[in-house]
Amino acid sequence: MTACRLGSVPPVELVVATSWSGAGVETLNQELIKIGHDLGPVSIDLRFLSATALHDHLLRSQPSRSEVLFDLALVPNDWLGQLLEREVIAEIPPAQVENMQRRLVSQALQAVSEHERVLACPLSAEVLALVYDPQRFPSPPGSLDEILTSPMPAEVLPLALNLLSPYHLAPFVSAYQGSLVDPEGNLLWHEDNLLRVLRHLAPLWARAGAWRACRGDDVESLQLQLFAEGKLASFVAGPELLAALEASGRPFAVMPLPAPADARHPARALVGYQCLAVLRESRWVDLALEVGTRLLDDDVNQRLNRKSRRLPVLMRSYQSQEAMASAGAVGFLRALEEGQLFPPAANWGEGFQRVADRLQRLRRQSQAPGPEGIALTAAGERP
Amino acid sequence: MKLRGQLVLSHLVLVLASAMVIGAVNLLVLLGSTRSLERQTLESAAESASHLLGERIAMLQHSRDELALFAANSGELHGDTETLGRLHDLLGHYGIERVEFFSGFRKEIEVYRWERGVGAHLATAWLPQSPGIAAQVAAGRSATWVQAARDEPASLKLCTAVPGSGEGERRWVVVTEPLDSGLLEHILPAKVIGGLENEGRLLAAWPAMPAGRDADLNQIAVFLPRGPFSSLFSPISLRRDTVQLDDGSALKLALLASPTPSGQSLLVGLRTWFLVAAGGIFVALALGSGLASRLLAPLRALLEGTAAMARGHLMVRLPTSRNDELGALMREFNRMADEIRNTYLGVISTLAEVVEAKSHYTRLHIEQVERLAMATADVLERRGWVRFSSHQRFVLSVAAILHDVGKIAIANEILNKSGPLETHEREQILSHPEMGALIVERIGKLERAAEIIRCAHEHFDGSGYPRGLKGEEIPLESRIILAVDAFDAMIMDRPYSNGRPLEAAIAELRSHAGHQFDPVVIEALVEVITVEQKQPGGAFSDSGMYRALAGEPTTPPPASRE
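What counts as what
- Residues numbered from 1 in each chain as written.
- Chains lettered and ligands numbered in written order.
- Predicted model: local features only at pLDDT ≥ 70, side-chain atom pairs only at ≥ 80, totals over all residues.
- Heavy atoms only, no water.
- Helix = DSSP H or I, 4+ residues; strand = E, 2+ residues; numbered from the N terminus.
- Buried < 20%, exposed > 50% of the residue type's maximum accessible area, 1.4 Å probe, protein only.
- Contact = heavy atoms within 4.5 Å.
- Areas by Shrake-Rupley, 256 points an atom, 1.4 Å probe, with all protein chains shown as cover.
- Disulfide = S-S within 2.5 Å.
- Pairing = 2+ DSSP bridges.
- Axes fitted to C-alpha atoms, helices over the stretch in contact; angles between N-to-C directions.
- Polar contact = N/O pair within 3.5 Å; in protein donor to acceptor, adjacent residues only side chain to side chain.
- Salt bridge = Lys/Arg side-chain N within 4 Å of Asp/Glu carboxyl O.
- Phe/Tyr/Trp six-rings, centres within 6.5 Å; stacked < 30°, edge-to-face > 60°.
- Core = buried A, V, L, I, M, F, W, Y, C linked by side-chain atoms within 4.5 Å.
- Buried area = accessible area lost by both parts, 1.4 Å probe.
- pLDDT = per-residue confidence, 0-100.
- Parallel < 35°, antiparallel > 145°, perpendicular 65-115°, else oblique.
- Nonpolar A, V, L, I, M, F, W, Y, C, P; charged D, E, K, R; others polar.
- Left-handed = near helix turned anticlockwise from the far one by under 90°.

## As for the overall build of chain B
- If you tally the helices and strands in chain B, you get 16 helices and nine strands.
- By residue count, 49% of the 562 residues in chain B fall in the buried class.
- Taking the contacts inside chain B whose residues are at least 6 apart along the sequence as the reference set, 63% of them involve residues at least 24 apart.
- For chain B, the exposed area adds up to about 26,000 Å²; of that, 57% sits on carbon and sulfur atoms.

## A short note on the overall build of chain A
- From N to C terminus, chain A includes 18 helices and 11 strands.
- Counting all 383 residues of chain A, 60% fall into the buried class.
- When contacts within chain A are restricted to residue pairs at least 6 apart in sequence, those whose partners lie at least 24 apart make up 75%.
- Element-wise, carbon and sulfur atoms account for 49% of the exposed surface of chain A, whose accessible area totals about 15,200 Å².

## Details of the state of the cysteines
All names here are of chain A.
- According to the stated counting rule, one finds zero disulfides over all chains in the structure shown.
- Not engaged in a disulfide, the cysteine Cys121 finds its nearest cysteine sulfur in Cys275; these two sulfurs lie 8.6 Å apart.
- Cys121 sits in the buried class, given a relative accessible area of 3%.

## What about the sheet that holds strand S9 (residues 250–257) of chain B?
Residue and element names in this part refer to chain B.
- In space, the four strands of this open sheet follow the order S7-S6-S9-S8, with antiparallel pairing throughout. On the outer flanks of this sheet lie strand S7 (201–206) and strand S8 (236–244), each paired with one strand and no other. Strand-to-strand, the axes of this sheet are offset by a mean angle of 25 degrees, without reference to chain direction.
- In the packing of helix H1 (residues 3–74) onto the sheet, the strands contacted are strand S6 (192–198), S8 and S9, and the crossing angle to S8 comes to about 25 degrees.

## Quick notes on the environment of Ser142 of chain B
All names here are of chain B.
- By the element assignment, Ser142 lies in the loop between helix H3 (131–138) and strand S3 (143–147).
- Distance from Ser142 to Trp172, taken between C-alpha atoms, is 9.4 Å for residues 30 residues apart in sequence.
- Dropping the residues within four chain positions of it, Ser142 is found in contact with Arg64, Gln136, Cys159, Thr160 and Asp246.
- Here the side chain of Ser142 touches Thr160 through a polar contact of 2.9 Å, side chain to side chain.

## Some details on helix H12 (residues 447–454) of chain B
- Among all positions of H12 of chain B, only Ala449, Ala450, Ile452, Ile453 and Arg454 of chain B are buried.
- At its buried positions, H12 of chain B is contacted by helix H8 (390–401), helix H11 (432–443) and helix H13 (476–491) of chain B.

## Quick notes on the environment of Phe342 of chain A
Residue and element names in this part refer to chain A.
- Tracing the chain through its elements places Phe342 in the loop between strand S11 (340–341) and helix H17 (346–359).
- With 163 residues separating them along the chain, Phe342 and Ser179 place their C-alpha atoms 9.9 Å apart.
- Non-local contacts of Phe342, meaning those with residues more than four positions away in its chain, are made with Asn77, Asp78, Tyr167, Leu270, Val271, Gly272 and Trp348.

## A look at the pairing of strand S6 (residues 121–126) of chain A
Residues and elements named next belong to chain A.
- For S6, the tally of buried residues reaches five of six residues, placing the bulk of the element in the interior.
- Summarising the sheet, S6 and strand S10 (residues 270–278) pair through five bridges and their orientation is antiparallel. Note that in S10 the partner of Ala125 across the bridge is Tyr273.

## Digging into the sheet that holds strand S5 (residues 170–178) of chain B
Residues and elements named next belong to chain B.
- Judged by pairing direction, the sheet is antiparallel, and its five strands sit side by side in the order S2-S1-S5-S4-S3 without closing on themselves. Taken across any chain shown, the strands that pair with only one partner, and hence form the sheet edges, are strand S2 (106–112) and S3. Averaged over all pairs of adjacent strands, the angle between strand axes in this sheet comes to 20 degrees, irrespective of strand direction.
- Two elements, strand S4 (residues 155–163) and S5, share nine bridges in a ladder whose sense is antiparallel. Note on S5: the bridge partner recorded for Leu156 is Glu177.

## Notes on the pattern of salt bridges
Residues and elements named next belong to chain B.
- A complete count under the given rule lists 47 salt bridges over all chains for this structure.
- Glu110 is the salt-bridge partner of Arg98, the closest N and O atoms lying 2.2 Å from each other. Here Arg98 is found in strand S1 (residues 98–103), whereas its partner Glu110 is found in strand S2, with 12 residues between them in sequence. The same class applies to Arg98 and to Glu110, which are both buried.
- Glu197 is the partner of Arg239 in a salt bridge, and the nearest nitrogen-oxygen pair spans 2.8 Å. Taken together, the positions of Arg239 in strand S8 and Glu197 in strand S6 put the pair 42 residues apart, joining distant regions of the chain.
- With relative accessibility at 44%, the residue Arg239 sits in the partly exposed group.
- For Glu197, a relative accessible area of 9% puts it in the buried group.
- If you follow the salt bridges from partner to partner, you end up with Arg98, Glu100, Lys107, Glu110 and Lys157 in one network.

## Here's the deal with the packing of aromatic side chains
Residue and element names in this part refer to chain A.
- One pass over the full model with this rule turns up seven aromatic pairs over all chains.
- Arranged with centres 6.2 Å apart and planes meeting at 55 degrees, the rings of Tyr167 and Phe342 form a pair that is tilted. Highlighted residues: Tyr167 in helix H8 (residues 166–177) and Phe342 in the loop between S11 and H17, separated in sequence by 175 residues.
- Phe342 gets classed as buried once you look at its relative accessible area, which sits at 3%.
- Where Trp348 meets Phe352, the ring centres are 5.4 Å apart and the plane angle is 15 degrees; that geometry is what we call stacked. Of this pair, Trp348 and Phe352 both sit in helix H17, four residues apart, which is roughly one turn of the helix.

## Side note on the nonpolar core
- In terms of nonpolar packing, the biggest core is built from 185 residues, with Val75, Leu80, Leu163, Trp205, Phe235 and Tyr273 of chain A together with Phe101 of chain B touching the most fellow members.
- Among residues more than four places away in sequence, those in contact with Val75 of chain A are Leu54, Leu58, Leu80, Leu83, Tyr273, Gln274, Cys275 and Ala277 of chain A.

## A closer look at the interface of chain A and chain B
- Tallying the contact residues gives 42 residues for chain A and 43 residues for chain B.
- For the pair chain A and chain B, the two sides together bury roughly 3,500 Å², of which 59% comes from carbon and sulfur.
- Where chain A meets chain B, there are two salt bridges.
- Taking the shortest distance from any N to any O, the salt bridge between Arg212 of chain A and Asp89 of chain B comes out at 2.5 Å.
- The interface formed by chain A and chain B holds 12 residue pairs in polar contact (both at pLDDT 80 or more) in total.
- Of all the secondary structure elements, the ones that give two or more residues to the side of chain A that touches chain B are helix H1 (2–6), helix H2 (23–38), strand S2 (42–48), helix H10 (210–213), helix H11 (219–228) and helix H12 (242–248) of chain A.

## Focus: unusual backbone geometry
Residues and elements named next belong to chain B.
- Note that the residue after Trp206, namely Pro207, is joined by a cis bond; omega there is 15 degrees.
- Within the secondary structure layout, Pro207 lies in the loop between S7 and S8.
- The peptide bond linking Tyr465 to Pro466 adopts the cis configuration, its omega dihedral lying at 10 degrees.
- Tracing the sequence through the fold places Pro466 in the loop between H12 and H13.

## A closer look at the pairing of S1 of chain B
All names here are of chain B.
- Among the six residues of S1, five are classified as buried, and the element is accordingly described as predominantly covered.
- Relative to S2, S1 runs antiparallel, the two being bridged by six bridges. The residue of S2 that forms the bridge with Arg98 is Tyr112.
- Hairpin connection, S1 to S2: the antiparallel pair is bridged by two residues, and Gly104 has positive phi, about 65 degrees.

## As for the confidence of the model for chain A
All names here are of chain A.
- Looking at chain A as a whole, its pLDDT mean stands at 86, while 92% of the residues score no less than 70.
- Of all secondary-structure elements in chain A, the lowest mean pLDDT belongs to H1, at 38, while strand S7 (residues 129–132) reaches the highest, 97.
- For residues 1–8, every residue scores under 50 in pLDDT, and the model assigns this stretch 14 contacts once sequence neighbours within four places are set aside.

## Brief notes about the packing of H11 of chain B against H12 of chain B
Residue and element names in this part refer to chain B.
- Where H11 contacts H12, the axes come no closer than 8 Å and their chain directions differ by 170 degrees. With respect to H12, the axis of H11 lies roughly antiparallel. Each of Pro433, Glu434, Gly436, Ala437, Val440 and Glu441 in H11 lies in contact with H12, whose residues at this interface are Ala449, Ala450, Ile453 and Arg454.
- Across the contact of H11 with H12, the residue classes break down as six nonpolar, one polar and three charged.

## Let's talk about the side chain of Ser63 of chain B
- Tracing the backbone through its elements, the reader meets Ser63 of chain B in helix H1.
- Ignoring any residue separated from it by four or fewer positions in sequence, one finds Ser63 of chain B in contact with Tyr94 and Ile96 of chain B.

## A closer look at the packing of H13 of chain B against helix H14 (residues 502–512) of chain B
Residues and elements named next belong to chain B.
- Relative to each other, H13 and H14 sit at 145 degrees, their axes nearing to 9 Å. Here the hand of the crossing between H13 and H14 comes out right-handed. Within the contact between the two elements, H13 uses Ala483, Phe487, Met490 and Ile491 and H14 uses Leu502, Ala505, Glu508 and Leu509.
- Considered class by class, the residues forming the contact of H13 with H14 number seven nonpolar, no polar and one charged.

In structure tokens form, the structure reads like this:
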């Protein structure tokens, strides 16, 4: 019909890709809908992909302009370097950067900046900390050794972590070697330090089920259940588990990860940021940037992080103590404060990915290695 | 309101009414098709969501059977880390949120994933509320039902029984799927929001479950995408049974779709409507104005012709090129004008004959005066000094013919007296212009001719009669008649004397130019005489009315409105 041709102005549709799930994605979707309403007739769709699929899509494909599937992507900041290198994402314009400088904690801005270029809008912070049972540890453990050597009933594991994740091992590795980043932004990951960590943890695996509790498809759920049932005294977790911990009914406390007793440095956890990057090929780059800016509005960002139990990035959240609403959150904030920021550099991301791929080999080992098999295990071979 | 306004307005009303009808029909068709499309889209979304939900439930049933097999092969389940680890692997593999194993009423083990199935977030009571399902479960048959206690989040329970360790003992495996926004988020297509209902109760909604016990799906309509005018339309809703549960109820998918396309269609329709109306108004104004001009031009000519006729412009003729009723009307007008003019001309003719009979003048003199006057007027016109309308030419003709009509009121003895006139006789003679004017005035509509006749004996220097006007105070036509009358008198042969030669007459005229005569008129007259001398009849106007009145052939005056 003629009338149809007359209405040729295409509706504005933005697609945001994310690997968030649960309360996070629900809250994010609600906020995006509100922003879409505020922006006028703008439809903002949230597309869920697994982290691997999102990573593959953004980094391994070279979509042409006509095949652009997403306008924005919610990604960890360590992807930004690679995304920039492959010209996938657009930089944040100076006017918005100024606004971010006024309102964000400096670390958040640093996490998304490379050579004074700001690559994305940081929405929330991520850090790992030690969740422990205060009934098992009346006072916060001072070292990894103290956790591992604490007297525990046989059915109770003193500690669990995810051996397949370099994020879980990195704080302990860095406790032996100091920084994990060289001046060029490369990952510093000495295998002998990893070996020292694994050897340090070896007594843990002597306990029944410990090896199983430290590796698996859904190790977070297993650790949480073990903790909730009193079968685990402590484990390494992120703030997104706070809601589940609170719902479990089990008392818990959170503190920064303690270092091994023989380490010379503190076990500084890696601090990452979830950030919204605007894809360069988006048809609506300005609008997409505006969406990113609006997700940093005080109320929006606080709501988003409060409901998804993520750590805030706004100075206001810290000044108003909004971020410290619960005891658990305070523990994670301390870990954030003491943690080490990894750079959004392409070489860092690639190095970290190589370590992660190597650690995946541990998945195949169903039996815990003995002390003599640690080296082979660390090398990804069957002892 | 004037006729033009009425015509334009009627066109405008007609076109606007058409535009309204076209626009309304277009809008209705557009809205109807858009609403239909919205419904079809929602039905497709429901189809897709039903399919995905069906697949999910099939996956849950499969995982339940797998877990039953696990239970059957594992003996009594203890919550050791190895067992929990293996079960978590299974849960992770199938994406199950919670599974519970019961031996009788004793819970052997419970496994849950942290994201959705933890603690108080999920209905943990597993025994079916429906007695029928409870009996089915107790009998060891597989069953699927919704566990939706008022005060806790709803979940879908899939239960099956496996043989227990003892004789006749049974163990049950209960898989729990939270019926929450997370499930809906995975099965609903983009831009569609909705919920899951069971027995009229809203169990879950995406993107958010409304607060309150009597939560209504319409409460989440605020999350629908908005667009222009979309608030004018209610969201399209659709309910579809997706899963038949063992208690006889159904898990119903309730979907809402944004009326944004309808709003956009309305916008497009209104835009079209506006364009059609604007185009229509333009066309109506152009057509109405054009038609009005075409209709009104002859009417206005008729009006002006009638008014001119009323003012005595007897030479009025209207164009008769049209073949329609207006053309016929104009032809009728011309015929009427001709008849009126002929009536006048009849009267003038009669008077002219009376003058002929009364004075010495021959008919030739009257004819000559008229012809010379008209020829002089032509020369004046040609020289650009003056422009005569057809009416003015008619009036000049009439005045030239009747310039001495006043003499019929003077006694023949005085008029024909050859000796000197007495004072009273002279006064009578001097009064004849006034008398002539009065006679012509009484004919009606010839006031201008009467005035010309009244002044036809006034001299350029003010020495004439009856009022002693001078120069431009004397009508031009009067100055022309005075000159040509004098000239013709000079050259006319009389019974008692011969007329003067032309050269002498011209010299005489020139000698009185500026005194008795208007020099401009004299020069024009001299040109007429000179041309006539070289080419007899060539200089005279061929529109001599008097010759026409006398029945001699003439060329009719050109058609003109005035």
